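Analysis of the macromolecular model
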Amino acid sequence: MNGSLAANQALVEGILGGVPAEGRVEMLVCPPFPYLGQVSAMLDDARVKLGSQNVSQYESGAYTGECAGSMLREMGCDYAIVGHSERRALFGESSQDVAAKFVAAQAAGLTPILCVGETLEQREAGNTEAVIDEQLDAVLDAAGVQGLGGSVVAYEPVWAIGTGMTATPEQAQDVHRHIRGRIEALDRGIAGSLKILYGGSVKGDNAAGLFSKQDIDGGLIGGASLKPADFLAIANAAAALD
């Protein structure tokens, strides 16, 4: 929950001024709901796509405060984040809620970015894979493995978000490999093409090490996305490895 009209303009202009060469990397930005129209207009015909930070599981009706996928599409969104760790932890979204949002996003023509991840307590208890399997299984039950075709998964180690801690490239790769393996057991083709992003305090100085791993296809960027130079440093690290 960051931004203002003036800050958004400066941020997006800064990003657009340094996007890596066409075809080297895919980029998108996900501003808060009130700013989607402003940012969409700035991205018109640009090589940076637009996404939302959330989406309702409902299409329309008496759901005050919700925002339907069709509304987001009308505002120019191509993507929608579902199940971000903050939505799960602070707003009580269950894995079933997240699965319903995933299905609704796809039905509206959006590409869902499904966030999964474990807390520090869950990791220390050795439950990382079990937690992620439960989060993935809810979506698989609702959408089937075919539903993951063309979608995006983002691994968020909750213990490494905003704490200054970062999973080592090896730790992140282990979980990404598990996620891909979980899907591979159901459909090798979908698993092979599935984009799995890492979302735990990615910065310009650690991006290359993370992105060099076989199953890490990019990043879901938080704090570093608020400064054009920081965000572009990550994008350039990805482009250099492509």
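A short tour of the structure in this document, coming up.

About the cut-offs
- Residues numbered from 1 in each chain as written.
- Predicted model: local features only at pLDDT ≥ 70, side-chain atom pairs only at ≥ 80, totals over all residues.
- Heavy atoms only, no water.
- Helix = DSSP H or I, 4+ residues; strand = E, 2+ residues; numbered from the N terminus.
- Buried < 20%, exposed > 50% of the residue type's maximum accessible area, 1.4 Å probe, protein only.
- Contact = heavy atoms within 4.5 Å.
- Areas by Shrake-Rupley, 256 points an atom, 1.4 Å probe, with all protein chains shown as cover.
- Lys, Arg positive; Asp, Glu negative; His and termini not counted.
- Charge placed at Lys NZ, Arg CZ, Asp CG, Glu CD.
- Core = buried A, V, L, I, M, F, W, Y, C linked by side-chain atoms within 4.5 Å.
- Pairing = 2+ DSSP bridges.
- Phe/Tyr/Trp six-rings, centres within 6.5 Å; stacked < 30°, edge-to-face > 60°.
- Lys NZ or Arg CZ within 6 Å of the ring centre and 35° of its normal.

A few points about the overall build of the chain
Looking only at helices and strands, the chain has 11 helices and 7 strands in total. Considering only C-alpha atoms, the chain reaches an extent of 45 × 45 × 35 Å along its principal axes. By residue count, 45% of the 242 residues in the chain fall in the buried class. In the chain, the proportion of contacts linking residues at least 24 apart, taken out of those at least 6 apart, comes to 68%. Surface exposure of the chain reaches about 11,500 Å², of which carbon and sulfur atoms provide 50%. Side-chain charges of the chain comprise 16 positive and 30 negative groups, with the mean position of each set lying 4 Å from the other.

A closer look at the nonpolar core
Residues Ile15, Leu114, Ile179 and Tyr198 are the most contacted members of the largest nonpolar core, which totals 58 residues. In terms of residue count, helix 11 (residues 228–241) provides more of this core than any other element does, 6 residues in total. Other than its neighbours up to four places away in sequence, Ile179 contacts Val116, Ile132, Leu136, Val153, Tyr155 and Ile196.

Points about the sheet that holds strand 7 (residues 218–219)
Taken in spatial order, the 7 strands make up an open sheet running 1-2-3-4-5-6-7, and their pairing is parallel. Looking at strand neighbours, the two that pair on one side only are strand 1 (27–29) and strand 7, the edges of this open sheet.

Let's talk about the packing of aromatic side chains
Counted under the stated rule, the structure contains 2 aromatic pairs. When the centroid spacing of 6.1 Å and the interplanar angle of 55° are considered together, the rings of Tyr155 and Tyr198 count as tilted. Of this pair, Tyr155 sits in strand 5 (residues 152–155) while Tyr198 sits in strand 6 (residues 195–198), and the two are 43 residues apart along the sequence. Overall, the relative accessible area of 0% leaves Tyr155 in the buried class. In this structure, Arg87 is placed above the aromatic ring of Phe91, and the distance from its NZ or CZ to the ring centre is 4.2 Å.

Overview of unusual backbone geometry
Residue Ser201 is not a glycine yet carries a positive backbone phi of 60°. Summarising the element assignment, Ser201 is placed in the loop between strand 6 and helix 10 (207–211).

Just distances and angles here, no functional claims.
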